[in-house]
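Each chain, letter by letter, is given below.
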Amino acid sequence: MLNDRSIFLIDGDQKYSRVLSKGLPQGSVLSPILYNLYTYDLDLNIDRKIEVLQYADDLLLYVKSKNIELACTELTTSLQYLKKWLDDHGLILSPSKSSVVLFSRMRSTTPVHVFYDETIIPQKQDFKFLGVILDNKLTGISHCNFIASKCEKIINIIRCLAGIWWGAHPFYLKIVYNALIRSVMEYGSFLLEPGLLSGFKMLNKIQNKCLRIICGAMKSSPINALQIECCDPPLQLRRQYLSDKFLFRRLQLTNHPLIEKLHLLASFVSNSPYWTHKSNPYLVNSYYKFKSLSAPLHQSNMLPLFSCPYESLILSPQILNMGISKSDFLIANEKFNTIINKKFKNFHLIFTDASKHDANGTVGVGIIHCQYNIVQKVKFPPESSVFSGECFGIFKALEYILLAKLNNSIIFSDSLSSLQALEKNPFKIKQHNPIVFDIRKLLSICLSKNYNIKFSWIPGHSGIQGNVIADALANEAISCGDLVPYKIYCSDLLSIPKLDLDTSWKTLWEKSSKEKASSTRLQCDVTRGLRLHSHARVPSPNLDESEELA
């Protein structure tokens, strides 16, 4: 929302003209893909002055202008082009299910008239798009009222399940609350900040009410103590946490439109007097965190899965089980040498390891080729994880095998998670780590040259000589490792929101504890007692009533 400007938005609902002869059955998995292919050129047939947002059959057109009449004319013209495209493709738009909303900070505005095929589209004060209700002042009140009324009905489920001498355990009540109530309150809520506080206070009251029911606490119990007892942060901190995760997941794509828009919004927020006495939007705060990173971010034009050759996606790495456990500390090295001399005598042995001393320290990666005594040390930024370091060590080992043309090699790593990530089916994993796909691509090249490469897990810090040397190299790399490539992966950024949430919550708790020092400590003990008391069940037949209460 720009200063001294009015923004128009029109929301339309598209329907198939002949359901029986076109389309797929309800719920078909091919419906979204085929519909996107069918409507890929829709935005190309609309006036360039109009911005288009489309998700499945929900179509949204918006324009910004200082002149209301001019904006209405541009929207009407664009709808004429849209109607021609829909007629050519056998689709129709329902004007009665569509709406026009004028976004403006002006206290009084004139009615707007937007037409579709000589039918006026009704003007409304708010509209619902992808589950979020936006009002014409962007206060968030309409959305919060809708969520509050929806959650009030669900609270009765928790009331029915809760009880002192009977009912569900508080742990399971908390699961029900997270699944049915908190998920509804948090969906899209970080996009509405900053809005009117009265709307978000309604959501806070719902959270407070649920936590009291879960703990069995009285109304006089302090809210900050109930939040600590139930491990449920304040909703405003949760909204910032969700905003950080939302943005960090999308930073891996260089062409994502959100990055450029956030850059413009951040510049506007920092230079506009309108935001002097208002808190920054959560997404802007998340963008500032991204800009404050100490190293460049690894980005690409597409997801790693789609940039990887198909041959590398379907290969199955050979991961061995050496039969050595951490309990074999005294005989691990001897047992390891016996296995190598018996089964892998002609193989090149390469050990990799990664190390990180503290949360704010850098990550060191060490690689050693035992036969040739060739070592390499690499350093990663503080935001990186040990997992990324372990995966990069495996990647550098494959790079060395390809360079040295080693026919038979075994790569040993004490990171079971990195080997499991490499072993998993890439089409079924949720988080796409670029390093894992780079390992697959490099492994595919090595296998195409008939290099025999195997992987094996060995227990760390168990006295195996190669692992001890690799660990020492990783510790040295923290201070003097190679800085190429010194970059961060988006998968590592996902741990930052949780750390920031814990830090902010601890600060808020210390501040509120000082304000209610004696009362908070007393009520926290009372709440803990009530929680323990709510664990009770039907009295045991072997005890009398006094013993059971005790």
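Given the structure is predicted, the values throughout are model-derived calculations rather than measurements.

(A) Looking closely at the overall build of the chain. Within the chain, the secondary structure is distributed over 19 helices and 15 strands. When the 550 residues of the chain are sorted by exposure, 45% land in the buried category. Of the contacts formed within the chain by residues at least 6 apart in sequence, a portion of 73% connects residues at least 24 apart. About 29400 Å² of surface is accessible on the chain, with carbon and sulfur atoms providing 57% of the total.

(B) Molecular detail of unusual backbone geometry. Cis rather than trans, the peptide bond between E193 and P194 has omega equal to 0°. Within the element layout of this structure, P194 appears in the loop between α4 (170-186) and α5 (197-215). Of the consecutive residues V484 and P485, the connecting peptide bond is found in the cis state with omega at 0°. A positive phi angle, close to 55°, is found at L130, a residue other than glycine. Tracing the sequence through the fold places L130 in the loop between β8 (126-129) and β9 (132-135). Relative accessible area serves as the criterion here: at 36%, L130 is assigned to the partly exposed category. Even without being glycine, K405 reaches a positive phi, approximately 55°. With respect to the helices and strands, the residue K405 is situated in the loop between α12 (386-404) and β14 (408-413).

(C) Fine view of the packing of helix α3 (residues 141-161) against α4. The contact between α3 and α4 brings their axes to 10 Å, and the two run at 175°. Taken as axis vectors, α3 and α4 run roughly antiparallel relative to one another. Along its contact with α3, which presents I147, K150, C151, I154, I155, I157, I158 and L161, the element α4 presents L173, V176, Y177, L180, I181, V184 and M185. Looking at side-chain class alone, the contact of α3 with α4 contains 14 nonpolar, no polar and one charged residues.

(D) Region of interest: the pattern of salt bridges. Under the criterion given, the structure shown has 14 salt bridges. One salt bridge connects E476 with K377, and the closest N-O pair in it is separated by 3.3 Å. Of this pair, E476 sits in helix α15 (residues 465-480) while K377 sits in strand β13 (residues 374-380), placing them 99 residues apart in sequence. Of the residues examined, E476 reaches a relative accessible area of 38% and is grouped as partly exposed. Judged by relative accessible area, K377 falls into the partly exposed class, the value being 24%.

(E) Geometry of the sheet that holds strand β10 (residues 319-321). If you trace the six strands from one edge of the open sheet to the other, you get β10-β15-β14-β11-β12-β13, paired in mixed fashion. Strands with a single pairing partner mark the edges of an open sheet, and in this sheet they are β10 and β13. Along the sheet, successive strands turn relative to each other by an average axial angle of 25°, direction set aside. Pairing between β14 and strand β15 (residues 452-457): six bridges, direction parallel. Looking at β15, one finds that I411 is bridged to F455. Here α12 sits on the sheet and contacts β11 (348-355), β12 (363-369), β13, β14 and β15; the angle it forms with β11, its principal contact strand, is near 155°.

(F) The arrangement of the pairing of β9 in detail. Where β8 and β9 come together, four bridges link them in antiparallel fashion. Among the inter-strand pairings, D126 is bridged to a residue of β9, identified as D135. Hairpin connection of β8 to β9: two residues between the antiparallel strands, including L130 at a positive phi of 55°.

(G) How the structure looks around the environment of L402. You can see L402 is positioned in helix α12. Here L402 falls in the partly exposed class, since its relative accessible area comes to 24%. With residues up to four places along the chain from it excluded, the contact list for L402 reads L442, I445, C446, K449 and Y451.

(H) Representation of a nonpolar patch on the surface. Taken together, the side chains of L24, V29, L30, I33, L34 and L37 make up a nonpolar region of the molecular surface, amounting to roughly 590 Å² of accessible area. Residue I33 is classed as partly exposed on the basis of its relative accessible area, which comes to 49%.

(I) The arrangement of the environment of L93 in detail. In this structure, L93 sits in strand β4 (residues 91-93). Given the relative accessible area of 9%, L93 is considered buried. C-alpha separation for the pair L93 and L59, spaced 34 residues apart in sequence, amounts to 9.6 Å.

(J) Inspection of the confidence of the model for the chain at higher detail. For the chain, the average pLDDT comes to 85, and 89% of its residues sit at 70 or higher. A low-confidence stretch, residues 518-550 (pLDDT under 50), is modelled with 41 contacts involving residues beyond four sequence positions or located in other chains.

(K) Quick look at the packing of α4 against α5. One way to put it is that α4 packs onto α5 with a least axis distance of 10 Å and a crossing angle of 165°. Judged on the interaxial angle alone, α5 and α4 are roughly antiparallel. The two elements α4 and α5 meet at a crossing, and its hand is right-handed. Where α4 approaches α5, its residues P170, L173, K174, Y177, I181 and M185 are matched on the opposing element by L203, I206, Q207, C210, I213 and I214. The class makeup of the residues in the contact of α4 with α5 is 10 nonpolar, one polar and one charged.

(L) Just the nonpolar core, in detail. Ranked by internal contacts, the top residues of the largest apolar core, which has 31 residues, are L398, I401, I439, I453 and F455. Contributing elements (two or more residues each) for this core: β11, β12, β13, α12, α13 (416-423), α14 (434-448) and β15. When residues of this core are assigned to their parent elements, the largest contribution, eight residues, is made by α12. Those residues in contact with F455 that lie beyond four places of it in its chain are P317, Q318, I319, L320, I394, L398, I411, L419, L422 and L443. In terms of nonpolar packing, the next biggest core, distinct from the first, is built from 27 residues, V132, A148, I154 and L173 among them.

(M) Looking closely at the pairing of β13. Bridge analysis of β12 against β13 gives seven bridges, and the strand direction is antiparallel. The partner of G366 across the bridge, within β13, is K377. In textbook terms, the turn of a hairpin is the stretch between consecutive antiparallel strands, and for β12 and β13 this stretch comprises four residues, one of which, N373, has a positive phi near 55°.

The rules we used
- Residues numbered from 1 in each chain as written.
- Predicted model: local features only at pLDDT ≥ 70, side-chain atom pairs only at ≥ 80, totals over all residues.
- Heavy atoms only, no water.
- Helix = DSSP H or I, 4+ residues; strand = E, 2+ residues; numbered from the N terminus.
- Buried < 20%, exposed > 50% of the residue type's maximum accessible area, 1.4 Å probe, protein only.
- Contact = heavy atoms within 4.5 Å.
- Areas by Shrake-Rupley, 256 points an atom, 1.4 Å probe, with all protein chains shown as cover.
- Axes fitted to C-alpha atoms, helices over the stretch in contact; angles between N-to-C directions.
- Parallel < 35°, antiparallel > 145°, perpendicular 65-115°, else oblique.
- Nonpolar A, V, L, I, M, F, W, Y, C, P; charged D, E, K, R; others polar.
- Salt bridge = Lys/Arg side-chain N within 4 Å of Asp/Glu carboxyl O.
- Pairing = 2+ DSSP bridges.
- Patch = residues over 30% accessible without salt bridge, like charges linked within 9 Å, V, L, I, M, F, W, Y side chains within 5 Å.
- pLDDT = per-residue confidence, 0-100.
- Left-handed = near helix turned anticlockwise from the far one by under 90°.
- Core = buried A, V, L, I, M, F, W, Y, C linked by side-chain atoms within 4.5 Å.

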